[in-house]
Amino acid sequence: MRRRMDAYLEPLVEPERLALYQAVCEFADHEIAPELLVWERQHCLLPDKAIRAIADLGLFGLTVAEEYGGQGGTQMDLVLMGLALGYHSQSVAITPGAAVSLGIKPLQLCGREDQKRAHLPDLAAGKRMFVFGLSEPGRGSDAANPEVRATHIAEGWRLQGEKCWSTNAKWASHIIVHAMTNPEGPRGHRSTCFIVPMDDPRVHYQEMHGKQVWMQSSTGAIALDQVEVPDSAILGTEHDGFRVMATTLNGGRLFIAGLALASLGYALDRCCTYAQERRQFADQPIGRFQRVQDVILDIDIALEQGLTWLLHLVRQYDAGTLHREAAAKVKIECSRRASELLPLAMEMCGGVACLDEFGLVRHWRDLFVCRVGEGSNFALKTLATRPLMPHIQDMLQ
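Residues numbered from 1 in each chain as written. Predicted model: local features only at pLDDT ≥ 70, side-chain atom pairs only at ≥ 80, totals over all residues. Heavy atoms only, no water.

Caption draft 1: Representation of the overall build of the protein in the model. Each helix and strand in the protein was counted, giving twelve helices and ten strands. Here the protein has a C-alpha radius of gyration of 21 Å; the compact-globule value for 397 residues is 21 Å, and the two agree. In terms of overall dimensions, the protein has C-alpha extents of about 80 × 55 × 40 Å along its principal axes. Per-residue burial for the protein yields a buried fraction of 56% across its 397 residues. (Helix = DSSP H or I, 4+ residues; strand = E, 2+ residues; numbered from the N terminus. Rg over C-alpha atoms; globule rule 2.2 N^0.38 Å. Buried < 20%, exposed > 50% of the residue type's maximum accessible area, 1.4 Å probe, protein only.)

Written out as structure tokens, the structure reads:
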């Protein structure tokens, strides 16, 4: 099924990458979309069979170098995958998306060679999954100062504390724990990241129940009860956890912006079809009304603008020239604009938009995560504003 956003992607993306995007679109149309209502109505997470199919397509190894068993792709490939899967469901797209951008990326960017060889082949094949332990019950936007503590002992380190809102926790083989190791150190050099196996008997996972967004995505709380790890478990270098975290989140924010645009793309196609098929007032299509046209055109403009901006920044990311502020801004604006337009799309379609089978309510719900995930938009606005007022940037809150 051709999507309206395909017309905007075609002049922006190389043919071989567009072919990957189209292959994932076809997979999503035939393997994911027909099952979504069943999964949602049964309140089940993404089934193992679907995860295996995603792995067989090579999506978990999309950005992993071929020498480690991956596809050798780039962030552009990852964002295109998110657009393709997120069109039907953000919670399906985030499963391989977070596995790569939050699980594999830190290892690729900051890991030692022995760590890469020990984990990347199985991660690329979907046989393992890393989860990034960042958020905590008492720490959300203040992620630079984790409450989880890592204390130096003779054999290595002892970790104590709890992580929450950890995407893919149910399926994770390891958790990357961002922990405080140097409380008195300078800002940005107080924490360290550790690779911790989830099967350690002192690691306790619990799915966070009652969540009404990203319904098919696993979101877990992970408690660390005096977990001991050797020095070799450090990812990156000691007291350099903030750099690992910040470097990882840059790419993740681009992916989240893509999910917001995927939802917008779905809304555009749904509204265009409905406006031409739904007939009222002397049996005329509702698309003839200017107010209906206004909603559709606003969605179309926001989608085209967002895709053009996002892919420009993705190219900068792949070239190593992307600034943190730029990633924050595109994530803020794409999630904000999509969240503003989805309620209008639903209002335009009327009562039918409330039905799960129509699809719009799923995207309206999931867009909340795009606003608060990978850094709350409220907090990211301060980050993005700092370069605009450099003389007082340290005072901004």
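Read on for the rest.
Caption draft 2: The arrangement of the pattern of salt bridges in detail. Taken as a whole, this structure holds 22 salt bridges when the rule is applied. When the shortest N-O distance is used, the salt bridge between R17 and D77 registers 3.0 Å. Of this pair, R17 sits in helix 2 (residues 15-32) while D77 sits in helix 5 (residues 75-86); the two residues are 60 residues apart in sequence, bridging distant segments of the chain. Relative accessible area serves as the criterion here: at 7%, D77 is assigned to the buried category. (Salt bridge = Lys/Arg side-chain N within 4 Å of Asp/Glu carboxyl O.)

Caption draft 3: Structural detail: the nonpolar core. With 107 residues, the main nonpolar core has L9, Y21, L83, L254, L264, M348 and L360 as its most contacted residues. Here the element with the most residues in this core is helix 8 (residues 241-277); it accounts for 18 residues. M348 has contacts with C271, Y274, A275, I286, V292, V295 and I296, leaving out every residue within four places of it along the chain. Counting 20 residues, the second largest nonpolar core, distinct from the first, contains A169, V203, I222 and V227. (Core = buried A, V, L, I, M, F, W, Y, C linked by side-chain atoms within 4.5 Å. Contact = heavy atoms within 4.5 Å.)

Caption draft 4: Up close: the side chain of S335. Position of S335 relative to the elements: it lies in helix 10 (residues 324-349). Residue classification places S335 among the buried residues on the basis of a relative accessible area of 0%. Of the polar contacts made by the side chain of S335, one reaches the side chain of N377; its length is 3.0 Å. S335 has contacts with A260, C370, R371 and N377, leaving out every residue within four places of it along the chain. (Polar contact = N/O pair within 3.5 Å; in protein donor to acceptor, adjacent residues only side chain to side chain.)

Caption draft 5: Examining the layout of surface pockets more closely. Size it by volume and the second largest pocket reaches roughly 370 Å³. Along the walls of the second largest pocket sit 17 residues, with M1, Y87, H88, Y266 and R270 positioned nearest its centre. Broken down by secondary-structure element, the contributors of at least two residues to the lining of the second largest pocket are helix 3 (36-41) and helix 8. Per-element tally for the lining of the second largest pocket: the top contributor is helix 8, with five residues. (1 Å grid on protein atoms, 1.4 Å probe; cavity = no way out; pocket = protein on both sides within 12 Å on 5 of 7 lines; lining within 4 Å. Points joined across faces, edges and corners; volume = space filled by probe spheres on them.)

Caption draft 6: Structural detail: the environment of E147. Within the secondary structure, E147 is located in the loop between strand 1 (130-133) and strand 2 (149-153). Separated by 31 residues in the primary sequence, E147 and H178 have C-alpha atoms spaced 9.4 Å apart.

Caption draft 7: Here's a closer look at helix 5. Taking 1.5 Å of rise per residue, twelve residues should cover 16 Å, and helix 5 covers 16 Å from first to last C-alpha, within 8% of that figure. Along helix 5, twelve of the twelve residues are buried, which leaves the element largely enclosed by surrounding structure. Taken together, the buried positions of helix 5 are Q75, M76, D77, L78, V79, L80, M81, G82, L83, A84, L85 and G86. Buried residues along helix 5 sit against helix 1 (4-9), helix 2, helix 6 (90-110), helix 8, helix 9 (290-319) and helix 11 (360-372). The N-terminus of helix 5 is capped by T74, whose side-chain oxygen sits 3.2 Å from the backbone nitrogen of M76. (Expected span 1.5 Å × (residues − 1).)

Caption draft 8: Representation of the packing of aromatic side chains. Per the counting criterion, the structure on display carries four aromatic pairs. Between the NZ or CZ atom of R270 and the centre of the ring of F358, over which it lies, the distance is 4.1 Å. (Phe/Tyr/Trp six-rings, centres within 6.5 Å; stacked < 30°, edge-to-face > 60°. Lys NZ or Arg CZ within 6 Å of the ring centre and 35° of its normal.)

Caption draft 9: Looking closely at the packing of helix 2 against helix 5. Relative to each other, helix 2 and helix 5 sit at 30°, their axes nearing to 8 Å. Here helix 5 runs roughly parallel to helix 2, going by the angle between their axes. For the pair helix 2 and helix 5, the sense of crossing is right-handed. Residue-level contacts link R17, L20, Y21, V24, C25, F27 and A28 of helix 2 to M76, D77, L80, M81, L83, A84 and L85 of helix 5. A class-by-class count of the residues in the contact of helix 2 with helix 5 yields twelve nonpolar, no polar and two charged. (Axes fitted to C-alpha atoms, helices over the stretch in contact; angles between N-to-C directions. Parallel < 35°, antiparallel > 145°, perpendicular 65-115°, else oblique. Left-handed = near helix turned anticlockwise from the far one by under 90°. Nonpolar A, V, L, I, M, F, W, Y, C, P; charged D, E, K, R; others polar.)

Caption draft 10: The arrangement of helix 9 in detail. With 30 residues, helix 9 should cover 44 Å at 1.5 Å per step; its first-to-last C-alpha distance of 43 Å lies within 8% of that length. Backbone geometry just after helix 9 places G320 at a positive phi near 75°.

Caption draft 11: Local environment of the pairing of strand 4 (residues 174-180). Here strand 4 lies mainly inside the structure; seven of its seven residues are buried. Taking every second residue as pointing to the same face, both faces of strand 4 are buried, with H174, I176, H178 and M180 on one and I175, V177 and A179 on the other. For strand 1 and strand 4, the ladder comprises four bridges, and the chain directions are parallel. Looking across to strand 4, one finds that V131 is bridged to I175. (Pairing = 2+ DSSP bridges.)

Caption draft 12: View of the packing of helix 5 against helix 9. Direction vectors running N to C along helix 5 and helix 9 enclose 150°, while the axes themselves pass 8 Å from each other. For the pair formed by helix 5 and helix 9, the contact residues are Q75, M76, V79 and L83 on the first element and L307, L310, L311, V314, R315, Y317 and D318 on the second. Residues that form the contact of helix 5 with helix 9 fall into these classes: eight nonpolar, one polar and two charged.

By themselves, these figures tell us nothing about what the structure is for.
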